[in-house]
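# Chain and residue survey
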Amino acid sequence: MKKLDVVGVCNALVDILIAADEPDIKTLGLTKGIMHLVDAPRQTTVLEHFSRKPQAIELGGSALNAIRTLAQLEKATAFAGMVGNDDFGERIRRRMHQLGITAHLGRGTEPTGSCVILITPDGERTMNTHLGASRLYGEAEVPHDDIAAAQVLHFCGYQWDTEGQMQAIRSAIATAKRSGTLVSFDVADPFVVGRNRDAFLKVIEDDADIVFANREEAKMLFDGPASLAAQRIAASGAIAVIKLGSDGAMVQKGKDVYAIAPVPTQVVDTTAAGDMFAAGFLYGLTSSKSLPMAGAMGATLASDVIKRVGATVSDAALALVGAMD
């Protein structure tokens, strides 16, 4: 069995990026800056509203963004998800093959999921996600052998949508814990924290070895500032990684607290900033770097991805992170 660095389990989506204005957000009745789970008719309504605006299509999904970047950094990776029997599903499969990611993509009876990302002039992104085939992911698709062979299992809170997805994650966690594989949990979004707070707190307390959250998510989870969240996560035995936007980040393990300096940049689009921070941090962790260095790697990739529209970091940023020591 080939040894792996990181295995991701999450939604495999297509991202559709659109430049929007504040009135668009209000007209559509959206809450700016969060992810909205929508059904197919609602997704059609959103797309029709922007039918005359340019649309950029990329491959997406939170953990898949991180896995893709880790693969570009020459880490041995695998990813498990569910796609439809359609062109978007094939595009995801081909891209993963191109990057050398071991693919475990089930084929569902629904279309491949999509995420419409509306980017306002301040760089904030408001997401409308139709999970489609991703909602059909279940325990039968979990790549137990690859999880057992990996340093890290990485997944996101977006999997808490159906009982099948949740059971799959529980099964993946069980395999990781039996095998000595680290469990990395990105809580993902304030919307999903609001829906699943108690379940997330249980994962943090019982299972997680690494927890990623931003300032708002941390406040929702622990009803307090980022420092309290970091302390509570660290008290559970996990490494707390609290992303603080323009203030950088905070990493805590046990009683040791590290302030991660921000990398100054001009914000164009915050899409995937958290995913890229996770990618950089996991790259450092699986490369036996110190926690401050892993945090700096995360900050470097996050600052790079927000310089442009989309969820892809530059070759220069990849080279910089690969050379950091």
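Residues numbered from 1 in each chain as written. Predicted model: local features only at pLDDT ≥ 70, side-chain atom pairs only at ≥ 80, totals over all residues. Heavy atoms only, no water.

### Quick look at the nonpolar core
Which entries qualify depends on this criterion: For this analysis, a nonpolar core means a set of buried residues of the types Ala, Val, Leu, Ile, Met, Phe, Trp, Tyr and Cys, connected via side-chain atoms within 4.5 Å. Exposure classes here rest on a 1.4 Å probe applied to the protein chains alone. A residue is buried below 20% of its type maximum, exposed above 50%, and partly exposed in between. The helix and strand labels rest on DSSP assignments: H or I over at least four residues marks a helix, E over at least two residues marks a strand, and numbering proceeds from the N terminus. Contacts are residue-level and defined by heavy atoms, with any inter-residue pair within 4.5 Å sufficient.
The biggest cluster of nonpolar side chains holds 117 residues, and the ones touching the most others in it are F79, I92, L118, F155, F185, I242 and F281. Top contributing element to this core by residue count: helix α10 (residues 273-286), with nine residues. Every residue in contact with F281, bar those within four places of it in the chain, is listed here: I210, F212, I239, V241, V251, L291, A294, G295 and G298.

### Some details on the side chain of T112
Counted only if it meets this: Think of a polar contact as two N or O atoms within 3.5 Å of one another; within protein, one of them needs to be a possible hydrogen donor and the other a possible acceptor, and neighboring residues in sequence only count if both atoms come from side chains.
Summarising the element assignment, T112 is placed in the loop between β6 (102-108) and β7 (113-119). For T112, a relative accessible area of 5% translates into the label buried. Among the polar contacts listed, one links the side chain of T112 to the backbone nitrogen of G84, at a separation of 2.9 Å. Discounting chain neighbours no more than four positions away, the residues touching T112 are A12, V14, V83, G84, D86, F88, G89, I92 and A133.

### Re helix α6 (residues 163-179)
Heads up, the rule is: For a helix, the expected span equals 1.5 Å multiplied by the number of residues minus one.
With 17 residues, α6 should cover 24 Å at 1.5 Å per step; its first-to-last C-alpha distance of 24 Å lies within 8% of that length. Of the surrounding elements, those touching the buried residues of α6 are β1 (4-9), α5 (144-148), β9 (150-156) and β10 (182-186). Immediately downstream of α6, the backbone of G180 shows phi near 75 degrees, a positive value.

### Observations regarding the side chain of T300
Looking at the element boundaries, T300 is found in helix α11 (residues 291-305). Take T300: its relative accessible area is 11%, and that puts it in the buried class. In this structure, T300 is in contact with V263, L320, V321 and M324, ignoring residues within four places of it in sequence.

### As for the sheet that holds strand β12 (residues 239-243)
Rules: Only when DSSP finds a minimum of two bridges between them are two strands counted as paired. To obtain an axis, a line is fitted to C-alpha atoms, over the contacting stretch when the element is a helix, and the angle between two such axes runs from 0 to 180 degrees between their N-to-C directions.
One open sheet holds the nine strands; their spatial order is β6-β5-β1-β9-β10-β11-β12-β13-β14, and the pairing between them is mixed. Edge strands, defined here as strands with exactly one partner in the open sheet, are β6 and β14 (256-260). Strand after strand, the sheet turns through a mean of 15 degrees between neighbouring axes, direction not considered. Relative to β12, strand β11 (residues 210-214) runs parallel, the two sharing five bridges. Its bridge partner lying in β12, V211 is registered against A240.

### Some points on the environment of D325
Positionally, D325 belongs in the segment after α12 (315-323). In this structure the C-alpha to C-alpha distance between D325 and M35, which are 290 residues apart in sequence, comes to 35 Å. Setting aside its immediate chain neighbours within four residues, D325 contacts K289 and M293.

### A few points about unusual backbone geometry
Positive phi, close to 90 degrees, is recorded for A188, a residue that is not glycine. Within the element layout of this structure, A188 appears in the loop between β10 and α7 (190-206). In this structure, S288 takes a positive phi of about 65 degrees despite not being glycine. Using a relative accessible area of 69% as the deciding quantity, one classes S288 as exposed.

### Observations concerning the pairing of β9
Where burial is concerned, most of β9 is hidden: six out of the seven residues are buried. Two elements, β1 and β9, share five bridges in a ladder whose sense is parallel. Directly across from G8, in β9, lies its bridge partner H154. Sheet analysis places β9 next to β10, joined by five bridges and oriented parallel.

### Examining the packing of α11 against α12
Convention followed: To sort the angles, those under 35 degrees are grouped as roughly parallel, those over 145 as roughly antiparallel, those from 65 to 115 as roughly perpendicular, and the leftovers as oblique. For this classification, the nonpolar set comprises Ala, Val, Leu, Ile, Met, Phe, Trp, Tyr, Cys and Pro, the charged set comprises Asp, Glu, Lys and Arg, and every other residue, Gly included, is treated as polar.
In contact at an axis separation of 10 Å, α11 and α12 are set at 175 degrees when each is read in the N-to-C sense. With respect to α12, the axis of α11 lies roughly antiparallel. In this structure, α11 contributes M297, T300, L301 and D304 to the contact, and α12 contributes A317, L320 and V321. Its residues assigned to classes, the contact of α11 with α12 comprises five nonpolar, one polar and one charged.

### Some words on the sheet that holds strand β3 (residues 35-37)
An order of β3-β8-β7-β2-β4 is seen for the five strands of this open sheet, with the pairing classed as mixed. The open sheet terminates on both sides in strands that have one partner only, identified here as β3 and β4 (56-60). Averaged over all pairs of adjacent strands, the angle between their axes in this sheet comes to 25 degrees, without regard to strand direction. Of the strands in this sheet, β2 (13-19) and β4 are in contact with helix α4 (residues 87-99), which crosses β4 at around 60 degrees.

In short, the description is geometric, and any link to function would need to be established separately.
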